[in-house]
Amino acid sequence: MTIEIYVSTDIEADGPIPGPHSMLSLASAAYTADKQLVATFTANLETLPGAQGHPKTMKWWAEQPDAWAASRADPQPPLEVMKSYHAWLVALPGKPIFVGYPAAYDFMFVYWYLINFVGDSPFKFSALDIRSYAMAFLKQSYNESGKDNLPAAWLENLPLAHIALDDAIQQGKLFCNLLQANLEREER
């Protein structure tokens, strides 16, 4: 049986959708189910030709100068980044499972960039959303399942910095803590 590697992924972008807007930063932290950090990947990307920042998103970035500076340090061509990222995913010691918070947003950019620049996604068409998993585990509504309502031990007191690698690591720990709580509940 192939082990699953949970690839907690966070992206930073200059707009709500890929294509007209660009992914600025991509980071993933790959974990085993028992919260062992296997590997990390991080890169900043050059913006897409002809793409531009969305006014609402750029207004938000203006309020995050440290995170903006981090996402613009040493940007690389998207083709190079996505080829490296694809190779990194394929080399992981198990089946990569995309994990995000929110998965719909981060996966949309990662999948679009992988297909556009590499022609393949090791994740296939699937992404695991942490908030949806928390909703099911806690038996609460989606609105009641945000980070503000999760057990503090799951969050490990790690701040959300809007720096892709920091956030991917933080969200990966959150996911693994939730996964372990679910597995322990099943064992009782």
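To be clear, the structure that these remarks concern was listed above.
What counts and how
Residues numbered from 1 in each chain as written. Predicted model: local features only at pLDDT ≥ 70, side-chain atom pairs only at ≥ 80, totals over all residues. Heavy atoms only, no water. Helix = DSSP H or I, 4+ residues; strand = E, 2+ residues; numbered from the N terminus. Buried < 20%, exposed > 50% of the residue type's maximum accessible area, 1.4 Å probe, protein only. Contact = heavy atoms within 4.5 Å. Areas by Shrake-Rupley, 256 points an atom, 1.4 Å probe, with all protein chains shown as cover. Lys, Arg positive; Asp, Glu negative; His and termini not counted. Charge placed at Lys NZ, Arg CZ, Asp CG, Glu CD. Pairing = 2+ DSSP bridges. Phe/Tyr/Trp six-rings, centres within 6.5 Å; stacked < 30°, edge-to-face > 60°. Salt bridge = Lys/Arg side-chain N within 4 Å of Asp/Glu carboxyl O.

(A) Spatial organisation of the overall build of the protein. Within the protein one finds seven helices and five strands. Listing every helix and strand of the protein by position from the N terminus yields β-β-β-α-α-α-β-α-β-α-α-α. Structurally, the protein occupies a C-alpha span of about 55 × 40 × 25 Å along its principal axes. Relative to its full complement of 188 residues, the protein shows a buried share of 45%. Here the contacts in the protein between residues at least 6 apart in sequence split such that 70% fall between residues at least 24 apart. A total of about 9400 Å² of accessible surface is found on the protein, and carbon and sulfur atoms cover 57% of it. The positive charge centre, built from 13 side chains, and the negative charge centre, built from 21, are 5 Å apart in the protein.

(B) Structural detail: the environment of Ser84. Counting through the fold element by element, Ser84 comes out in helix α3 (residues 78-91). Counting along the chain gives 34 residues from Ser84 to Val118, while the straight-line C-alpha distance between them is 9.8 Å.

(C) Broad picture of the sheet that holds strand β2 (residues 23-31). The strand order across the open sheet formed by five strands is β3-β2-β1-β4-β5, and the pairing between neighbours is mixed. Among the strands making up the open sheet, the edge pair consists of β3 (37-44) and β5 (128-129). For strand β4 (residues 95-100) and β5, the ladder comprises two bridges, and the chain directions are parallel. By the bridge assignment for β5, Val99 is matched with Leu128.

(D) The packing of aromatic side chains, seen in detail. All chains considered together, the criterion is met by 15 aromatic pairs. Pairing Phe41 with Trp88 gives two aromatic rings, centres 5.8 Å apart and planes at 45°, and the pair type is tilted. Of the two residues, Phe41 is situated in strand β3 and Trp88 in helix α3; the sequence distance between them amounts to 47 residues. Like Trp88, Phe41 is buried. Summarising the aromatic geometry, the rings of Tyr133 and Phe175 are spaced 5.9 Å apart at their centres and angled 40° between planes, so their arrangement reads as tilted.

(E) Spotlight on unusual backbone geometry. Put simply, Tyr101 and Pro102 share a cis peptide bond, and its omega is 0°. With respect to the element layout, Pro102 can be found in the loop between β4 and α4 (103-117). In this model, His162 sits at a positive phi of 60°, which is unusual for a non-glycine residue. Structurally, the position occupied by His162 is in the loop between α6 (152-155) and α7 (164-187).

(F) Representation of the pattern of salt bridges in the model. Taken as a whole, this structure holds one salt bridge when the rule is applied. Residue Lys35 is joined to Glu156 by a salt bridge in which the shortest nitrogen-to-oxygen separation is 2.5 Å. Placement of Lys35 in the loop between β2 and β3 and of Glu156 in the loop between α6 and α7 is noted, with a sequence separation of 121 residues between them. A residue is classified by how much of its surface remains accessible, and Glu156, at 30% relative accessible area, is partly exposed.

(G) Spatial organisation of the pairing of β3. Pairing analysis gives seven bridges linking β2 to β3, with the strands arranged antiparallel. Note on β3: the bridge partner recorded for Ala30 is Ala39. Where β2 folds back on β3, the antiparallel hairpin that results is connected by five residues, among which Lys35 adopts a positive phi of roughly 70°.

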